[in-house]
Amino acid sequence: MVLLNPSTLRQDFPILSRQIHGKPLIYFDNAASSQKPRQVVEAMVAYYYQHHANVHRGAHTLSVEATELYEEARRKVARFINAPNPESLLFTRNTTEALNLVAQSWGRQNLKDGDEIIVSEAEHHANLIPWQLIAERTGAVIKAVRLTPEQRLDLEHCQSLLSSRTKVVAIAHMSNILGVVNPIRRFADLAHSVGAVMVVDGAQAVPHLPVDVQALGADFYAFSGHKMCGPTGAGALWARAELLRAMPPFLGGGEMIRKVYIDHSTYADIPMRFEAGTPNIAEVIGLGAAVDYLSGIGMQAIFEHDQALARYALERLEGLEGITLYGPRGDDRGGIIPFNLQGIHPHDVATALDSEGIAVRAGHHCAQPLMRALGVQSTARASFYFYNTEDEVERFVEALVKARDFFATFA
Ligand code: C6P
């Protein structure tokens, strides 16, 4: 059962009325980036037309207004993930920058030779390469939690990797490929049992399900605005305030200081210590509007809608000859469907779907270790959001059948 009424919501998204190759657009690439409603674009336009000035710098009215809009967005985004206070919500460009901030700033101060960082083999490169970079500098070692045969993360394997050397457990809340929502609370309890910090890559979770960073037991939680109806260029890192207060700056420059001398400086308190330079003011305000928009729909309703579409798509696709579907089945599965059609390169599948107006992603999805674990080089991937419909899934299935039959003529 699909719970939301996409036809009303779709009116907020002008791009969804576009035609692609003469066919109505079906946008199934939401895991890469979501579309933007008018409300978000209008909030940014209103800011530029009426309030633009630099923030935290001027005594003049426009600067005060811009600062208030920027800080109001911080309060909104913090509330959205149930952060206990807004100061520990830092704005970054995206999840990637947020995770690099944690690895470089916290990691440089807290990791040493022989320490261990636990990730999983399903991580996006954004939650792997920052750890490799800091491991190279500090001598820390990276270990990976493997998948169970059902393609869930193996908690028992994670437990077996833990020791007094474990300093970080860094796991995605929701996989960008397998679509599974990982049991972060259980990973956090494991991490804390050996005194490690729990770092969560929330890039796919915050846009699609209710997130409560306190209930999850996260120490650091990173996400991107552009996957949750916000603009590109605005993301966030939430962290426990005491961890942030003990961390050195990530970037240096204006606004992050208290006193500056030629050869040394003292630094501002959080959040400013981690927001050097002029921030993406309009984008942050747009992210605040996105949070209002999503809250108006309801995150539980969005998750159930995504899940209902995924169940429907899986039912329809299961019977399709030549298809391989990846990811576990169950209530922990969100709206992401990775698949391959036998004998057809995923890029050819994506191109064939594009000719029918359907946007999906194909490739390794920035998760090469996971591709290796699945025994493939790449997959195609359809990913849903609250504005997608069962009719669109139906057209997608028809287009896949057409593509499969077309390529079969060359086999
Ligand atoms: N995944 C996808 O098509 P950025 O690029 O920093 O906004 O997000 C990085 C990122 C981190 N973690 C996960 C789980 C992600 O899915 C992503 C982005 C997109 O799957 C683009 S590669």
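The secondary structure content of the chain amounts to 14 helices and 17 strands. Taken over C-alpha atoms, the radius of gyration comes to 22 Å for the chain, in line with the 22 Å a tight globule of 411 residues would show. On the principal axes, the C-alpha backbone points of the chain span a range of 75 × 55 × 35 Å. Sorting the 411 residues of the chain into buried and exposed places 58% on the buried side. Restricting the contact set of the chain to residue pairs at least 6 apart, pairs at least 24 apart contribute 71%. Taken as a whole, the chain presents about 16800 Å² of accessible surface, with 52% of it coming from carbon and sulfur.

The topology assignment puts S33 in the loop between β3 (26–27) and α2 (38–51). In this structure the side chain of S33 is engaged in a polar contact, spanning 2.8 Å, whose partner is the side chain of H226. Those residues within four positions of S33 in sequence are excluded, and the remaining contacts are Y27, H226 and K227.

With 20 residues, helix α3 (residues 61–80) extends 28 Å from end C-alpha to end C-alpha; this agrees with the ideal 28 Å at 1.5 Å per step. On its buried face, α3 is in contact with α2, β4 (89–92), β9 (220–224), α10 (281–297) and α11 (299–318). Positive backbone phi, at 55°, marks N82, one or two positions downstream of α3.

As a further point, take the packing of helix α12 (residues 346–354) against helix α14 (residues 390–408). Packed helix pairs are specified by the crossing angle of their axes together with the interaxial distance, meaning the distance between the axes. Relative orientation of the contacting elements α12 and α14 amounts to 120°, with a least axis distance of 9 Å. When the axis of α12 is compared with that of α14, the two are oblique. Note that α12 runs across α14; the crossing there is right-handed. For the pair α12 and α14, the contacting residues are D348, V349, A352 and L353 in the first and F396, A399, L400, A403 and F407 in the second.

Right, let's talk about the sheet that holds strand β14 (residues 336–341) for a bit. Spatial strand order, β13-β14-β17-β16: four strands in an open sheet with antiparallel pairing. The open sheet has two free edges, formed respectively by β13 (323–325) and β16 (361–363), since each of these has just one partner strand. Here the strands of the sheet are splayed against their neighbours by 30° on average, with no regard to which way each runs. One ladder, built from three bridges, connects β16 with strand β17 (residues 379–383); its direction is antiparallel. Across the sheet, the residue bridging to G363 is T379, located in β17. Strands in contact with α14 are β13, β14 and β17; relative to β14, the strand with the most contacts, it is inclined by about 15°.

Another point: the environment of L341. Mapped onto the elements of the fold, L341 is located in strand β14. Among residues more than four places away in sequence, those in contact with L341 are L320, G322, I323, V349, L400 and R404.

Counting 84 residues, the largest nonpolar core has I81, M198, V211, Y221, M228, L294 and F386 as the members making the most contacts within it. Setting aside its immediate chain neighbours within four residues, M228 contacts S34, F80, V206, P207, F223, L287, A290, V291, L294 and Y385. In this structure, W106, L128, A140 and V168 belong to the second largest nonpolar core, which totals 30 residues.

Within the element layout of this structure, N280 appears in the loop between β12 (265–267) and α10. For N280, a relative accessible area of 31% gives the class partly exposed. Put simply, N280 and A234 are 46 residues apart on the chain and 6.6 Å apart in space, counted from C-alpha to C-alpha.

In the region of the ligand, 17 residues are neighbours, and T96, D201, Q204, S224 and R361 sit closest. Between the ligand and the protein, one listed contact pairs an oxygen atom with a side-chain N or O atom of R361 at 2.5 Å. Bound to the protein, the ligand loses 90% of the 500 Å² it would expose on its own. The residue makeup of the shell around the ligand, split by class, is five nonpolar, eight polar and four charged.

As a further point, take the pattern of salt bridges. Counted according to the given criterion, the structure contains 23 salt bridges. For D29, the salt bridge is made with R381, and the minimal N-O distance between the two is 3.6 Å. A residue pair is termed long-range when its members are at least 10 positions apart, and D29 in the loop between β3 and α2 and R381 in strand β17 qualify at 352 residues. The class for D29 is buried, based on a relative accessible area of 15%. Exposure remark for R381: the relative accessible area of 1% places this residue in the buried category. Each member of the salt-bridge network shares a partner with another, and the members are K23, E356 and K402.

Closest axis-to-axis distance for the helix α4 (residues 95–110)/helix α5 (residues 129–138) pair is 9 Å, and the angle between their directions is 20°. In terms of axis orientation, α4 runs roughly parallel to α5. When you trace α4 past α5, the crossing you get is right-handed. Contacts between α4 and α5 pair L99, N100, V102, A103, Q104, G107 and R108 from the former with P130, W131, L133, I134, R137 and T138 from the latter. In the contact of α4 with α5, the residues fall into seven nonpolar, four polar and two charged.

Taken as a whole and judged by the stated rule, the model has 16 aromatic pairs. Aromatic pair Y385 and Y387: ring centres 5.6 Å apart, planes at 70°, arrangement edge-to-face. Y387 shares its class with Y385; the two are buried. Aromatic pair F386 and Y387: ring centres 5.1 Å apart, planes at 65°, arrangement edge-to-face. Overall, the relative accessible area of 0% leaves F386 in the buried class. Given the relative accessible area of 0%, Y387 is considered buried.

What counts and what doesn't
- Residues numbered from 1 in each chain as written.
- Predicted model: local features only at pLDDT ≥ 70, side-chain atom pairs only at ≥ 80, totals over all residues.
- Heavy atoms only, no water.
- Helix = DSSP H or I, 4+ residues; strand = E, 2+ residues; numbered from the N terminus.
- Rg over C-alpha atoms; globule rule 2.2 N^0.38 Å.
- Buried < 20%, exposed > 50% of the residue type's maximum accessible area, 1.4 Å probe, protein only.
- Contact = heavy atoms within 4.5 Å.
- Areas by Shrake-Rupley, 256 points an atom, 1.4 Å probe, with all protein chains shown as cover.
- Polar contact = N/O pair within 3.5 Å; in protein donor to acceptor, adjacent residues only side chain to side chain.
- Expected span 1.5 Å × (residues − 1).
- Axes fitted to C-alpha atoms, helices over the stretch in contact; angles between N-to-C directions.
- Parallel < 35°, antiparallel > 145°, perpendicular 65-115°, else oblique.
- Left-handed = near helix turned anticlockwise from the far one by under 90°.
- Pairing = 2+ DSSP bridges.
- Core = buried A, V, L, I, M, F, W, Y, C linked by side-chain atoms within 4.5 Å.
- Near = heavy atom within 4 Å.
- Nonpolar A, V, L, I, M, F, W, Y, C, P; charged D, E, K, R; others polar.
- Salt bridge = Lys/Arg side-chain N within 4 Å of Asp/Glu carboxyl O.
- Phe/Tyr/Trp six-rings, centres within 6.5 Å; stacked < 30°, edge-to-face > 60°.

Function cannot be inferred from these measures alone, as they are strictly geometric.
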